[in-house]
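Here is what each chain is made of, one letter per residue.
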Amino acid sequence: MRQKGSLGWLKHDLTHRGPTAWLLTLGLFAFYFILYYGGRTLAGVAIPDLFTPIARALHLPSKWTFYGLLYTLAIAIGGAYVIYKYRHNRYQVIRTSVVIFVQATLAFSVPWILTIFEQPEYYFSYLWPLKMEYFYPSTILAMPLPFILFSLLGSLIMVPLLGIFFGKRWYCSWVCGCGGLANTAGEPFRHLSNKSSKAWAFEKWSIHITLFLSLVTTAFVIASWGVGENYPAFSEQAASLRSLYGFVVATLLSGIIGVALYPVGGTRVWCRYFCPMAAILGLVQKFGRYRIRVKDNMCISCGMCSTYCEMGIDVRAYAQRNQDFVRASCVGCGICAEVCPRGVLRLENRWRRDPQELSMDALLNETYRG
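Residues numbered from 1 in each chain as written. Predicted model: local features only at pLDDT ≥ 70, side-chain atom pairs only at ≥ 80, totals over all residues. Heavy atoms only, no water.

The protein is annotated in an unreviewed UniProt entry as 4Fe-4S binding protein of Lujinxingia sediminis.

Set out below in structure tokens:
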């Protein structure tokens, strides 16, 4: 279905919140609902398990392996589309290729192969606090020593260290499967992100509240493991908190809402408003080397950068003020620089420029104007 746009152009309602988009959203909600609750009875209603028979027919171990296969295919097919669309842009081609590779190997094939060799299913592309159970003693201490070391060193040292040098983009736009799906299969919906100041205000609170809850839940679970059976009431409370966090954050927000809202709310609803890993990397990014550099007096205020920012950042406002910037929410996808018709924006990893260099730039600019 197509509808007439504000400039008289035809636009597809699937990518502009039309009836088809809402139907797709309902379909995605139904898909995830059946995926999570298929085979259970809720309020006296039996939910059919549609995916386990399909997994068995394909000789896959479980419906979750089948879901992983679908997820990987979505990233691979969407990634091929993105690579073709931005084939002139080396950064986008390499970044998208890495996203496909990481999903196909670290997030799908390797965990599956580990189970074939009777090893624990372990996802090397996910770290705490995104993968909360990797800090739960009952889970991680049952793993082989290399997996334990990777979980601890990766979460506590590698994540913040790489965040300082490369910003959050090294993870959110190159490694993470959530960002990978958003930047491949979700590409046609990236312009739907909410750009309002209310969305920004909500984002600042919601993402840090989720981070706080992840820290509290982790601390409670570790503490309950430490006190053992001496305080059964405390252990019961910790188990309830762990279960509640898993339902609300892992199932509802990252799984169902995070993907199902693509056609009407944009592709980074989970990453922008709720992901605790994005919250940590955003705080680190503010003090690191990553920033978007703006070329002076080049912006023509077309607004393409802001329109296609999947995190809802008003990039144009910075470009109009000739102001280099770093925002905690920026995932460094680089599409703002790609769509800019004058090449005003550039993603950089460098410490703040030397004051003497800035003075020389100012002198040259004054000379040029004079």
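Moving on, we get to the pattern of salt bridges. Summed over the entire model, instances satisfying the criterion amount to nine salt bridges. When the shortest N-O distance is used, the salt bridge between R190 and E187 registers 3.2 Å. For R190, a relative accessible area of 2% gives the class buried. (Salt bridge = Lys/Arg side-chain N within 4 Å of Asp/Glu carboxyl O. Buried < 20%, exposed > 50% of the residue type's maximum accessible area, 1.4 Å probe, protein only.)

With respect to burial, strand β5 (residues 290-294) is a largely interior element, four of its five residues being buried. Here β5 runs beside strand β6 (residues 345-349); their pairing, made up of five bridges, is antiparallel. Pairing of I292 across the sheet is with L347, part of β6. (Helix = DSSP H or I, 4+ residues; strand = E, 2+ residues; numbered from the N terminus. Pairing = 2+ DSSP bridges.)

Quick look at unusual backbone geometry now. Between W128 and P129 the backbone carries a cis peptide bond, its omega angle lying at 5°. Relative to the elements of secondary structure, P129 occurs in the loop between α4 (90-116) and α5 (137-140). One non-glycine residue with positive phi stands out, namely N297, at about 55°.

Tallying each qualifying case throughout the model produces 26 aromatic pairs. Ring centres 4.1 Å apart and planes at 15° place the aromatic pair Y318 and F325 in the stacked group. The pair Y318 / F325 is uniform in exposure class, with both members buried. Among the aromatic side chains, those forming a connected cluster through ring pairs are F31, Y32, Y36, F51, W64, F66, Y67 and Y71. Directly above the ring of Y84 sits R87, whose terminal nitrogen or CZ lies 4.2 Å from the centroid. In this arrangement the basic side chain of R321 is found over the ring face of Y318, its NZ or CZ atom lying 5.2 Å from the centre. (Phe/Tyr/Trp six-rings, centres within 6.5 Å; stacked < 30°, edge-to-face > 60°. Lys NZ or Arg CZ within 6 Å of the ring centre and 35° of its normal.)

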